[in-house]
Amino acid sequence: MPNYLGLDGFRFGWVAAWIDDRGDHGFDYSPAPTRLLAMPHKRAMIDMPIGLDASGYRECDKRARELIGPAVFLGARRDLWTFSDMATANRHYWQNGDAGVSSQLWNIRDKIKEVDDVMTPKLQRTIGEAHPELIFWNLAGEQKLERKTSEVGREQRLKLLDARGFTKVRKWLTLKYRYRTGIGRDDLIDACACAVAARDSTNRVGGDEIDPRGLRMEINF
C-alpha cells in the first residue's frame, strides 16, 4: 500500500506522520528532513515554504492569507537565512523598498533553508508545500476553527483527523517519549494534517509563479 507523508518542523528537527490507503498510520522524527523524505511514499506535503524569490510576497501566501488570516506568514524569501540577525535582514529589505519579515518567519529561516536545499523541480512532482490551517479550514467545510492552542481548537482538529483515519493521535499525544524529543502537540497534529492533504488534496492556491530555481510557488490543501 502506498504511504502518504506529512512533515512539520519543530525545535529540534522534523516530525513526519504517515498514512496508507488501508488506514494504517504512524509517525517518526529526525533532525533533518532528508531521512523522513527517503521513506517510501506516493506523495508528501511539508508545512514549509517551497519556491522562493529574493523579495516581495508570494502570491500563494497572499491568497492563503485572504482565506484564513494571519496564520499565513508573509515574506518568505530566498537567502533570508544569510542575515546575521532579524534587524539586519529588515534594514536590508526596508532599504530596498520591501516589507520586513516577522519574528515568526525569522525563527523558521533555517527550516526554510533545509527544505530549499533538498527541493528540486523533479522532487516537486511528489513533494509539495501545504499549510495545516488551510487544510483544517478545508476539512471543516471552509469554516475557521478556534485557535489551535486552545483546548476547543485542538479538539476540533483532532476530530477532523480522526474522521480521516488518524485515530491514534490522542494516544500519541500522551506518549512520554514525545516529550523527550521536543515534538509539540501542534507539531504532530499539523504533520498529520499534511499527511491527509498528501493523500486527499486536490486544491491549491498559487502555482503560476516559478522561482529562480524552477520551483512552483503554491500551497496545497
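Refer to the structure printed above.
Predicted model only: the values in this text are computed from it and were never measured. (Residues numbered from 1 in each chain as written. Predicted model: local features only at pLDDT ≥ 70, side-chain atom pairs only at ≥ 80, totals over all residues. Heavy atoms only, no water.)

Caption draft 1: Quick look at the overall build of the chain. When helices and strands are counted, the chain shows 10 helices and 7 strands. Compactness check: the chain gives a C-alpha radius of gyration of 17 Å against a globular reference of 17 Å for 221 residues, within 12% of the reference. Taken over the C-alpha atoms alone, the chain extends approximately 50 × 35 × 35 Å along its principal axes. Each of the 221 residues in the chain was classed as buried or not, and the buried ones make up 50%. Partitioning the intrachain contacts of the chain with sequence separation of at least 6 by distance along the chain shows that 62% fall at a separation of at least 24. If you sum the accessible surface of the chain, you get close to 10,600 Å²; carbon and sulfur atoms cover 48% of it. Positive and negative charge centroids in the chain, built from 35 and 32 side chains respectively, lie 4 Å apart. (Helix = DSSP H or I, 4+ residues; strand = E, 2+ residues; numbered from the N terminus. Rg over C-alpha atoms; globule rule 2.2 N^0.38 Å. Buried < 20%, exposed > 50% of the residue type's maximum accessible area, 1.4 Å probe, protein only. Contact = heavy atoms within 4.5 Å. Areas by Shrake-Rupley, 256 points an atom, 1.4 Å probe, with all protein chains shown as cover. Lys, Arg positive; Asp, Glu negative; His and termini not counted. Charge placed at Lys NZ, Arg CZ, Asp CG, Glu CD.)

Caption draft 2: Representation of the packing of aromatic side chains in the model. Applying the stated criterion across every chain, the model contains 4 aromatic pairs. Aromatic side chains Phe-27 and Trp-172 sit 5.0 Å apart centroid to centroid with 55 degrees between the ring planes, which places their arrangement in the tilted category. With Phe-27 in strand S3 (residues 25-30) and Trp-172 in helix H8 (residues 169-172), this residue pair connects regions lying 145 residues apart in the sequence. Trp-172 carries the same exposure label as Phe-27, and that label is buried. Here a set of aromatic residues connected by ring pairs shows up, and it is made of Phe-27, Phe-166 and Trp-172. The positively charged end of Arg-109 is found above the aromatic ring belonging to Trp-106, 3.9 Å away from the centroid. The aromatic ring of Phe-136 is capped on one face by Arg-157, whose charged end is 5.7 Å from the ring centroid. (Phe/Tyr/Trp six-rings, centres within 6.5 Å; stacked < 30°, edge-to-face > 60°. Lys NZ or Arg CZ within 6 Å of the ring centre and 35° of its normal.)

Caption draft 3: Region of interest: the nonpolar core. By size, the foremost hydrophobic cluster in this structure holds 40 residues, and its most contacted members are Leu-134, Ile-135, Leu-161, Phe-166, Val-169 and Val-205. For this core, the secondary-structure elements that each account for two or more residues are strand S1 (3-10), strand S2 (13-20), helix H2 (59-68), helix H6 (132-139), helix H7 (151-163), H8, helix H10 (185-200) and strand S7 (216-220). Broken down by element, this core gets its largest block of residues, 10 residues, from H10. With sequence-adjacent residues up to four places away left out, Val-169 is seen in contact with Leu-158, Leu-161, Ile-189 and Cys-192. Core analysis: the next-biggest nonpolar cluster, separate from the first, contains 26 residues, Ala-89, Tyr-93, Leu-105 and Ile-112 among them. (Core = buried A, V, L, I, M, F, W, Y, C linked by side-chain atoms within 4.5 Å.)

Caption draft 4: A look at the sheet that holds strand S4 (residues 43-46). Strand order in the open sheet formed by 5 strands is S3-S2-S1-S4-S5, and the pairing between neighbours is mixed. The strands lining the two open edges of the sheet, one partner per strand, are S3 and strand S5 (127-129). Across the sheet, the axes of successive neighbouring strands diverge by a mean angle of 20 degrees, strand direction being ignored. Pairing between S4 and S5: 3 bridges, direction parallel. Across the sheet, residue Met-45 finds its bridge partner in S5, namely Gly-128. Those strands touched by helix H5 (residues 109-118) are S1, S2 and S4, and its axis lies near 55 degrees from that of S2. (Pairing = 2+ DSSP bridges. Axes fitted to C-alpha atoms, helices over the stretch in contact; angles between N-to-C directions.)

Caption draft 5: Quick look at the pairing of S1. Across the 8 residues of S1, 8 count as buried, placing the element largely inside the fold. Residues Asn-3, Leu-5, Leu-7 and Gly-9 point to one face of S1 and Tyr-4, Gly-6, Asp-8 and Phe-10 to the other, with burial holding for every one of them. Sheet topology note: the S1/S2 ladder contains 8 bridges and is antiparallel. Among the inter-strand pairings, Tyr-4 is bridged to a residue of S2, identified as Ile-19. The pairing of S1 with S4 spans 4 bridges and is parallel. Counted as the bridge partner of Gly-6 is Met-45 from S4.

Caption draft 6: Focus on H10. With 16 residues, H10 ought to run about 22 Å at 1.5 Å a step, and its terminal C-alpha atoms sit 23 Å apart, in line with that. Along H10, 13 of the 16 residues are buried, which leaves the element largely enclosed by surrounding structure. (Expected span 1.5 Å × (residues − 1).)

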